[in-house]
Amino acid sequence: MNFFSSRTFASAAGRAYYPGQVLRQRVVRVGGRHWLVPQFGDGAPIGEMPFLDFYEPLPAGDREADPIPYLGRALVGTIRAEAWSDHRGGRREPAPYIDWRHFGSFDAFERHVSNRSKSLRSNSQRRARKLESEVGALEFCYHNPAPEAFDKVIEWKSHYCRERGVHDVFDNPNNVTLFRELRASGALVVSTLSAGGRL
């Protein structure tokens, strides 16, 4: 199931953006396809909300579904990244992702990335050696459960937005609450790299 159709995302978004209200999930029909989306009680389905990437249609099959005329953020098709320039314009927006079904293992994925960028691995290794020599031993943690790790990532993301002159989405406490709720549910991974014991 698409993550944005999951009860996990709907629950976290409800607590972040609609406190005191209960979001339930509803199967709707748009353009001959079925979609599972959150909604307020018996009201309209929610087609747009912060950080909602896209809904994917459900597998074909007979099911009860309410017809609606339009659903925002709906997947209409997939193409390779290099072909996107031929599809610009209109109301479609790209939502890049990695289709892991194309790779038999993580090693295969790494080979694919290396073939696309010959210098990526050597540059990364060079930077790692430099950082280790100047600061200390490196330690990568795929998921760091420490609350301070989460807080530091939010702080860095916020700083990055302001430094680049783009809208700081983490200035909105509701957005931070969404990620806190996802983290509490086990749906959010916080990866960290430490050098000499420092994040």
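Residues numbered from 1 in each chain as written. Predicted model: local features only at pLDDT ≥ 70, side-chain atom pairs only at ≥ 80, totals over all residues. Heavy atoms only, no water.

Caption draft 1: Expanded view of the overall build of the protein. Of the regular secondary structure elements, the protein holds five helices and five strands. The order of helices and strands in the protein, counted from the N terminus, is α-β-β-β-α-α-β-α-α-β. With the principal axes as the frame, the protein shows a C-alpha extent of 60 × 40 × 35 Å. Considering the protein as a whole, with its 199 residues, one finds that 29% of them fall into the buried category. The contacts in the protein between residues at least 6 apart in sequence include a share of 56% that link residues at least 24 apart. If you sum the accessible surface of the protein, you get close to 13,800 Å²; carbon and sulfur atoms cover 52% of it. For the protein, the distance from the average site of its 28 positive side-chain charges to the average site of its 23 negative ones is 4 Å. (Helix = DSSP H or I, 4+ residues; strand = E, 2+ residues; numbered from the N terminus. Buried < 20%, exposed > 50% of the residue type's maximum accessible area, 1.4 Å probe, protein only. Contact = heavy atoms within 4.5 Å. Areas by Shrake-Rupley, 256 points an atom, 1.4 Å probe, with all protein chains shown as cover. Lys, Arg positive; Asp, Glu negative; His and termini not counted. Charge placed at Lys NZ, Arg CZ, Asp CG, Glu CD.)

Caption draft 2: Fine view of the side chain of S5. Here S5 shows up in the segment before helix 1 (7–17). When sequence neighbours within four positions are dropped, the list of residues in contact with S5 reads Q25, L36 and Y55.

Caption draft 3: The sheet that holds strand 2 (residues 33–40), seen in detail. Ordered by their spatial adjacency, three strands build an open sheet running 2-1-3, and the pairing between neighbours is mixed. Bordering the open sheet on either side are strand 2 and strand 3 (66–67), each of which pairs with just one other strand. In this structure, strand 1 (residues 23–30) lies alongside strand 3, joined through two bridges in parallel fashion. Across the sheet, residue R29 finds its bridge partner in strand 3, namely P67. (Pairing = 2+ DSSP bridges.)

Caption draft 4: Main features of the packing of helix 1 against helix 5 (residues 173–184). Two elements in contact, helix 1 and helix 5, have axes whose closest approach is 8 Å; the angle formed by their N-to-C orientations is 145°. Considering only the axes of helix 1 and helix 5, their crossing is right-handed. Of helix 5, the residues touching helix 1 (which contributes T8, F9, A12, A13, R15, A16 and Y17) are N174, N175, T177, L178, E181 and L182. (Axes fitted to C-alpha atoms, helices over the stretch in contact; angles between N-to-C directions. Left-handed = near helix turned anticlockwise from the far one by under 90°.)

All quantities given are derived from atomic positions and should not be read as evidence of function.
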